[in-house]
Amino acid sequence: MKPTNPIFTGLPTTIFEVMSGLARETGAINLGQGFPDVDGPEEVRRAAAEALLAGPNQYPPMMGLPALRQAVAAINKRFYGLEVDWQTEVMVTSGATEALGDAILGLVRPGDEVVLIEPLYDSYLPIVRQAGGIAKPVRIAPPNWELDPGALAAAFSDRTKAILINTPMNPAGKVFSRAELELIAELCRKHDAVVIADEVYEHLVFDGRRHVSPMQLPGMRDRVVRIGSAGKTFSLTGWKVGYVTAVPALMEPIAKAHQFVTFTTPPALQTAVAHGLCFGDDYFDGFVAGLQAKRDRLSNGLAALGFSVLPSAGTYFIVTDTGPLGIDDDAEACLRMTREAGVAAVPVSAFYVSDPPKRFIRFCFSKRDEVLDEAVARLAAWIDKQGR
């Protein structure tokens, strides 16, 4: 048989599926893969059920239902002061990962350079490579997750087509500061590059902070592809509903890629998400407060066991060292923790292309309180047993 595509052939299964599979196999509590263990608002789910029964259940418009595209445009105005034309600047996708794929495939030509910030979500690199792009990684590392301006500037050149930035950032829980975003914007203007902004955790920013989109910065309205996720905003990750906001010149090739990847997204889910995006501030404020409380609950529990817990300004995640486990390799620590303690997490090293830090673990806190407490209790018993 002739060789298959080398970009994907032999590519390992995503670490999230590996650890979730091991959790299922062993009966471990899954604090690895980033999804809540309860479904989102009943009002949104009921809207989907009613739309499913009422129909139609045929192909919706390729760009998405007008109601959802209008709701996305309204959210852009409401939270970020952005004036968006829903007819030419908003598109619905089957999840944010599809949106990322569409953006990269639609914008990146063979030989174009794409700046990636490590640690990075695992789909970024293979899609860039499949598009023929040349990845230019810029590294940030625990415990401070600081972006080095010199290293960032060195990654840009006249061949740079785009920078892909995730803020709030998985796995770090980092929210890029306005100063960092302005530095990125300055480099994009200098080198005529665009920002592909993975903003799926935009409504999960903690401690009274507000999310800043790169699209809000001066001179960047025409240079940013903004990607959001209903799965993250409404704790309905299985629905796989994402949305893209971009000016027509960028949206046109992105939409053509979407046309040949999934073409469209289930209409009943689109109807329900449009309903949810019209919720008042009480929903969004309560959503943040609830997840922040879970962050603090798990952080305090792990800190009491001797873990060094790094600050998390957003997302579903906290990062700790491997401290009380006495294991210097985070991958080994996560495997043993799953099998022996009954708690699954993800090694931060899996988010790096090369030479990763090896002593840091990502825990997901978007779980019921009793699940978080049980996970801490299991870890406490295991650590105590190891110390005897």
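Residues numbered from 1 in each chain as written. Predicted model: local features only at pLDDT ≥ 70, side-chain atom pairs only at ≥ 80, totals over all residues. Heavy atoms only, no water.

For the protein chain, the name recorded in an unreviewed UniProt entry is Putative N-succinyldiaminopimelate aminotransferase DapC, with uncultured Pleomorphomonas sp as its organism. Of the comments in the UniProt record for the protein chain, the one headed Cofactor (unreviewed entry) reads "pyridoxal 5'-phosphate". Check the Sequence similarities (unreviewed entry) section of the UniProt entry for the protein chain; it says "Belongs to the class-I pyridoxal-phosphate-dependent aminotransferase family." (UniProt positions renumbered as here; feature names shortened; annotations may be inferred.)

Asks: Break down the state of the cysteines for me, citing the residues and quoting the values.
Replies: Per the stated rule, a full pass over the model turns up zero disulfides. Summary of cysteine pairing: Cys334 is not part of a disulfide, and the nearest cysteine sulfur, belonging to Cys364, is at 13 Å. (Disulfide = S-S within 2.5 Å.)

Asks: Lay out the domain arrangement of the protein chain with the relevant residues and their values.
Replies: Taken domain by domain, the protein chain holds domain 1 (15–40 + 282–386) and domain 2 (42–279). Between domain 1 and domain 2, the C-alpha centre-to-centre distance is 26 Å. Contact residues are listed per partner, giving 35 residues for domain 1 and 41 residues for domain 2. Buried surface at the junction of domain 1 and domain 2, summed over both partners, amounts to about 3200 Å²; 63% is from carbon and sulfur atoms. (Domains from an automatic or database assignment. Contact = heavy atoms within 4.5 Å. Buried area = accessible area lost by both parts, 1.4 Å probe.)

Asks: Hey, could you go over unusual backbone geometry for me, with residue numbers and the actual values?
Replies: Of note, the bond from Pro142 into Pro143 is cis; its omega dihedral lies within 30 degrees of zero at 10°. With respect to the element layout, Pro143 can be found in the loop between strand 4 (134–139) and helix 7 (149–155). Cis geometry is adopted by the peptide bond preceding Pro168, which originates at Thr167 and carries an omega value of -10°. Note on placement: Pro168 falls in the loop between strand 5 (160–166) and helix 8 (178–191). Unlike most non-glycine residues, Asp192 shows phi in positive territory, near 55°. One non-glycine residue, Ser235, adopts positive backbone phi at about 55°. Following the sequence through the fold, Ser235 ends up in the loop between helix 9 (230–233) and strand 8 (242–245). (Helix = DSSP H or I, 4+ residues; strand = E, 2+ residues; numbered from the N terminus.)

Asks: Describe the sheet that holds strand 3 (residues 113–118), with residues and values.
Replies: Taken together, the seven strands give an open sheet; going across it, the order is 2-8-7-6-5-3-4, and neighbouring strands pair in mixed fashion. Across the chains shown, the open sheet's two edge strands, defined by having one partner strand only, are strand 2 (90–93) and strand 4. Between one strand axis and the next, the sheet turns by 20° as a mean value, whatever way the strands run. Bridging between strand 7 (residues 224–229) and strand 8 involves four bridges; their strand directions are antiparallel. In the strand pairing of strand 8, Ile227 is matched with Val244. Running at roughly 115° to strand 2, helix 3 (residues 66–80) makes contact with strand 2, strand 7 and strand 8 of the sheet. Docked against the sheet, helix 5 (residues 96–107) engages strand 2, strand 5, strand 6 (194–198), strand 7 and strand 8, running at close to 160° with respect to strand 7. (Pairing = 2+ DSSP bridges. Axes fitted to C-alpha atoms, helices over the stretch in contact; angles between N-to-C directions.)

Asks: So what about helix 10 (residues 248–261)? Which residues, and what values?
Replies: The terminal C-alpha atoms of helix 10 lie 19 Å apart, and with 14 residues this matches the ideal 20 Å at 1.5 Å per residue to within 8%. Regarding helix 10, the residues found buried are Leu250, Met251, Ile254, Ala255, Ala257 and His258. On an axial view of helix 10, the arc spanned by its buried residues comes to 160°, and they lie on one face. Exposed side of helix 10, more than 90 degrees from the buried face: Ala249 and Phe260 are the residues found there. In this fold, the buried residues of helix 10 make contact with helix 4 (86–89), strand 2, helix 5, strand 6, strand 7 and strand 8. Phe263 sits one or two positions beyond helix 10 and adopts a positive phi of about 70°. (Expected span 1.5 Å × (residues − 1). Buried < 20%, exposed > 50% of the residue type's maximum accessible area, 1.4 Å probe, protein only. Arc of directions from axis to C-beta.)

Asks: Could you give me a rundown of the UniProt feature "domain: Aminotransferase class I/classII large" (unreviewed entry) in the protein chain, with the residues and numbers involved?
Replies: Mapped onto the present numbering, the UniProt feature "domain: Aminotransferase class I/classII large" (unreviewed entry) falls on residues 28–379. Taken end to end, residues 28–379 is 42% helix and 15% strand, and its first and last C-alpha atoms sit 11 Å apart.

Asks: Explain the sheet that holds strand 9 (residues 317–321) residue by residue, including any values.
Replies: Ordered by their spatial adjacency, three strands build an open sheet running 9-12-11, and the pairing between neighbours is antiparallel. With one partner strand each, in any of the chains shown, strand 9 and strand 11 (346–347) form the two edges of the open sheet. Direction of pairing for strand 9 relative to strand 12 (residues 360–364): antiparallel, over a ladder of five bridges. Counted as the bridge partner of Val319 is Arg362 from strand 12. Of the strands in this sheet, strand 11 and strand 12 are in contact with helix 13 (residues 330–341), which crosses strand 12 at around 45°.

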